[in-house]
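Listed below, chain by chain, are the residues.
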Amino acid sequence: MAVTWQATGTLLGSTGADITPVNPAHATDDILILQACSRVTTETLLTPASWTLLAGPTNTGTIWRSYWFWIRATSGSMTNPLCDWSAATGQKYGVVHNVRGAIATGSPFAASAVTAGTADPGSATGVTTAVASQFVLTLGLVADNLATAVTVTATDPTSFTQRTYTTIITGADAGQFFTDAVRATAGATGAVSHDFNGVPLAWAILVGAITEAVAAAGQPFLSRFAAVPFVPTLDRSVN
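Please read these numbers as outputs of a predicted model, since none were measured by experiment.

A look at the sheet that holds strand E8 (residues 122-124)
If you trace the three strands from one edge of the open sheet to the other, you get E8-E15-E11, paired in antiparallel fashion. Pairing within the sheet leaves two strands with one partner each, and these edge strands are E8 and strand E11 (151-153). Strand-to-strand twist across the sheet, computed as the mean angle between neighbouring axes with direction ignored, equals 20°.

Regarding the environment of Val127
Secondary-structure assignment places Val127 in the loop between E8 and strand E9 (128-129). Expressed as a C-alpha distance, the spacing of Val127 and Val192, which sit 65 residues apart in the sequence, is 9.1 Å. Once residues lying within four places of it in the same chain are set aside, the contact partners of Val127 are Ala111, Ser112, Ala113, Val136, Gly187, Ala188, Thr189, Val207, Gly208 and Ala209.

Remarks on the environment of Val150
Following the sequence through the fold, Val150 ends up in the loop between strand E10 (134-142) and E11. Given a relative accessible area of 5%, Val150 falls into the buried group. Measuring from C-alpha to C-alpha, the distance between Val150 and His194 comes to 6.2 Å, with 44 residues separating the pair along the chain. Residues within four places of Val150 in sequence aside, it is in contact with Gln162, Tyr165, Phe177, Thr179, His194, Asp195 and Phe196.

Some remarks on the nonpolar core
In terms of nonpolar packing, the biggest core is built from 26 residues, with Trp64, Tyr93, Phe135, Leu137, Leu139 and Ile210 touching the most fellow members. Contributions of two or more residues to this core are made by strand E3 (31-38), strand E5 (64-72), strand E6 (92-100), E10, strand E13 (174-183) and strand E16 (203-210). Sorting elements by how many residues they give to this core places E10 first, with four residues. Those residues in contact with Phe135, other than ones at most four positions away along the chain, are Val3, Thr4, Trp5, Val99, Phe178, Asp180, Ala181, Gly208, Ala209 and Ile210.

Some points on the sheet that holds strand E12 (residues 161-168)
Strand order in the open sheet formed by five strands is E7-E16-E10-E13-E12, with antiparallel pairing between adjacent strands. Taken across any chain shown, the strands that pair with only one partner, and hence form the sheet edges, are strand E7 (109-117) and E12. Across the sheet, the mean angle separating the axes of adjacent strands is 10° when strand polarity is ignored. Pairing between E7 and E16: eight bridges, direction antiparallel. Bridge pairing links Phe109 to Ile210 in E16.

Procedures and definitions
Residues numbered from 1 in each chain as written. Predicted model: local features only at pLDDT ≥ 70, side-chain atom pairs only at ≥ 80, totals over all residues. Heavy atoms only, no water. Pairing = 2+ DSSP bridges. Helix = DSSP H or I, 4+ residues; strand = E, 2+ residues; numbered from the N terminus. Axes fitted to C-alpha atoms, helices over the stretch in contact; angles between N-to-C directions. Contact = heavy atoms within 4.5 Å. Buried < 20%, exposed > 50% of the residue type's maximum accessible area, 1.4 Å probe, protein only. Core = buried A, V, L, I, M, F, W, Y, C linked by side-chain atoms within 4.5 Å.

Structure, rendered in structure tokens:
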């Protein structure tokens, strides 16, 4: 079963108060991925209940702190994650993405890497896929709303499809994006370039490879003869 992006929730923001991003539509065994950021790098974020920390805190200078978490849905109505920060002095942002088709046990991430910066294009550290046709994603929050799209390229795969890019004008603005591609063979993607069509104040990007669920193998062929065990008999004939 191939891994696919399903949906992205609404990007939420506040001028300091904690926020609770809304999960997008999802089903059992979907993987929900939360990214949350603050404009104050001295604040810390508690891991939302039942979620798992994937990466963070990652700072972009002194103006942007990012975290990433994931959870495997156990139903189609998972509780929205509370982003409970240690203080309410910095602007807060958060968004949840949903992918489907990942393995149903253990971590779905075969690899992941996080990069923070301020340049445009932004060069994010790539990952190495473990198997052929592995799903590669990039997602991030940008401390600006200057763009309406992001162009993503790498060595292999050479280009990524943008699934979502939305912005918010709360506080000093922010934008979020999700892109993906499939690497045909196992190996390194190389650095992943994100062209924001302008110089953002700050950004933080996660590049990851997701392991897909494998369809249950068919039962091996069993001949009708194998189903009847051989039982030796005693020859009672008289010569």
